[in-house]
Amino acid sequence: MADDPAAIKAAIEKGSKYLIEQGQAADGSFSSQVGPAVTALAVTALVQSGTPADDPAVQKAIAYLLKFKNTDGGIHTADSKVANYETSIAIMALAACNYGGRYAKELQEAEAFVKGLQWDDAEGKGTDDPAYGGAGYGSKGRPDLSNTAFMIEALRSVGTSQNDPAIQRALAFVSRAQNLESPHNTLPHPAKNPDGGFYYTPANGGESQAGTLPN
């Protein structure tokens with residue numbers, strides 16, 4: 001199958017049909033009980049794999065997503081504790097469907113929203129602070145690698161330059177989440193475990209979701 005483009009195309013079409021017919025509710029959502037992010041993931045998957053942005057199923061899902069647009073530009077449930085996660089994935093979905101700039105305003109406002117969630121000088125975090133440049137779920141508990149990656153992917157999906165200050169700040173955070181000594185990472189963790197791997201967050205003394213080592 002790896003060498004058969006027709007078979008790959010047929011598999012994608014079959015999977016897309018299944019996702020729409022079995023996964024989408026009448027209101028356009030996918031798994032609405034967990035908020036808008038899963039619907040945004042479904043839209044992104046469908047459009048990036050060949051379903052037209054004007055397909056009725058995609059348009060219903062986009063209409064559902066935009067019900068969660070807030071006045072601050074975020075696209076998330078009310079009082080969401082995962083506003084960065086929800087908005088970042090919604091950005092990717094809207095960007096995938098943004099032919100002719102139809103969602104330019106929504107994307108511009110959502111981009112500003114996720115940038116505003118980034119930990120930087122506004123939170124009193126200088127460039128040497130382990131939390132600097134990261135993004136968390138949105139509740140300002142602490143930044144982490146997963147949400148920072150979602151933020152970077154969202155910003156890049158709307159054409160944000162790799163030289164944009166927000167991206168550069170985020171890369172500084174990602175560098176500090178790696179067990180690799182470098183000019184960008186002078187934390188104590190790399191010297192103790194110099195394997196090049198990444199861990200959940202360097203903030204608040206560091207935290208791993210995959211267990212710890214004796215040192």
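### Quick word on the packing of aromatic side chains
Here the structure, examined in full by the defined rule, presents two aromatic pairs. When the centroid spacing of 5.1 Å and the interplanar angle of 70° are considered together, the rings of Tyr-64 and Phe-68 count as edge-to-face. Like Phe-68, Tyr-64 is buried. For the ring pair Tyr-85 and Phe-150, a centre distance of 5.4 Å and an interplane angle of 70° mean the geometry is edge-to-face. Separated by 65 residues along the polypeptide, Tyr-85 in helix H4 (residues 83-96) and Phe-150 in helix H6 (residues 145-157) bring together distant segments of the chain. Owing to a relative accessible area of 23%, Tyr-85 belongs among the partly exposed residues under this scheme.

### A short note on the pattern of salt bridges
Following the criterion strictly, the structure yields nine salt bridges and no others. For Lys-9, the salt bridge identified is with Glu-13, shortest N-O distance 2.5 Å. On the criterion of helical spacing, the pair formed by Lys-9 and Glu-13 is a turn pair, its members being four residues apart in helix H1 (residues 5-23). Assessed through its relative accessible area of 52%, Lys-9 is described here as exposed. For Glu-13, a relative accessible area of 45% corresponds to the partly exposed category. When the shortest N-O distance is used, the salt bridge between Lys-69 and Glu-109 registers 2.5 Å. Within this pair, whereas Lys-69 is found in the loop between helix H3 (56-66) and H4, its partner Glu-109 is found in helix H5 (residues 104-117), the two being separated by 40 residues in sequence. For Lys-69, a relative accessible area of 29% puts it in the partly exposed group.

### Considering the layout of surface pockets
Space inside the largest pocket adds up to approximately 410 Å³. In terms of lining residues, the largest pocket is bounded by 18 residues, among which Asn-193, Ser-208, Gly-211, Thr-212 and Leu-213 are the most central. Tallied by class, residues from the lining of the largest pocket come to five nonpolar, ten polar and three charged.

### Things to note about the packing of helix H2 (residues 37-48) against H3
Relative orientation of the contacting elements H2 and H3 amounts to 150°, with a least axis distance of 10 Å. With respect to their mutual orientation, H2 and H3 come out roughly antiparallel. Crossing geometry of H2 relative to H3 is assigned as left-handed. Facing Thr-39, Ala-40, Val-43 and Val-47 of H2, the residues of H3 in contact are Val-58, Ala-61, Ile-62, Tyr-64 and Leu-65.

### Some words on the environment of Leu-107
In this structure, Leu-107 sits in helix H5. Each residue touching Leu-107, except ones within four places of it in the same chain, is listed here: Ile-91, Leu-94, Ala-95, Asn-98 and Val-158.

### Looking at the confidence of the model for the protein chain
On average, residues of the protein chain carry a pLDDT of 93, and 99% of them reach 70 or more. For the protein chain, per-element mean pLDDT is lowest for helix H8 (residues 189-192), which scores 88, and highest for H3, which scores 98.

### Details of the nonpolar core
Judged by nonpolar contacts, the single largest core of 41 residues is most densely connected at Val-43, Ile-62 and Cys-97. Of all elements in the fold, only H2, H3, H4, H5, H6 and helix H7 (165-176) reach the threshold of two or more residues within this core. Considering every element that reaches this core, the biggest residue donor is H4, with eight residues. In this structure Val-43 touches Val-58, Ala-61, Ile-62, Ala-93 and Cys-97, once residues within four positions along its chain are discounted.

### Quick word on H4
Over its 14 residues, H4 extends 20 Å from the first C-alpha to the last, a length consistent with the 20 Å expected when each residue adds 1.5 Å. Here H4 lies mainly inside the structure; twelve of its 14 residues are buried. Buried within H4 we find Ala-83, Asn-84, Glu-86, Thr-87, Ser-88, Ile-89, Ala-90, Ile-91, Met-92, Ala-93, Leu-94 and Ala-96. For H4, the secondary structure elements touched by its buried residues are H2, H3, H5 and H6.

Reading the values: the criteria
- Residues numbered from 1 in each chain as written.
- Predicted model: local features only at pLDDT ≥ 70, side-chain atom pairs only at ≥ 80, totals over all residues.
- Heavy atoms only, no water.
- Phe/Tyr/Trp six-rings, centres within 6.5 Å; stacked < 30°, edge-to-face > 60°.
- Buried < 20%, exposed > 50% of the residue type's maximum accessible area, 1.4 Å probe, protein only.
- Helix = DSSP H or I, 4+ residues; strand = E, 2+ residues; numbered from the N terminus.
- Salt bridge = Lys/Arg side-chain N within 4 Å of Asp/Glu carboxyl O.
- 1 Å grid on protein atoms, 1.4 Å probe; cavity = no way out; pocket = protein on both sides within 12 Å on 5 of 7 lines; lining within 4 Å.
- Points joined across faces, edges and corners; volume = space filled by probe spheres on them.
- Nonpolar A, V, L, I, M, F, W, Y, C, P; charged D, E, K, R; others polar.
- Axes fitted to C-alpha atoms, helices over the stretch in contact; angles between N-to-C directions.
- Parallel < 35°, antiparallel > 145°, perpendicular 65-115°, else oblique.
- Left-handed = near helix turned anticlockwise from the far one by under 90°.
- Contact = heavy atoms within 4.5 Å.
- pLDDT = per-residue confidence, 0-100.
- Core = buried A, V, L, I, M, F, W, Y, C linked by side-chain atoms within 4.5 Å.
- Expected span 1.5 Å × (residues − 1).

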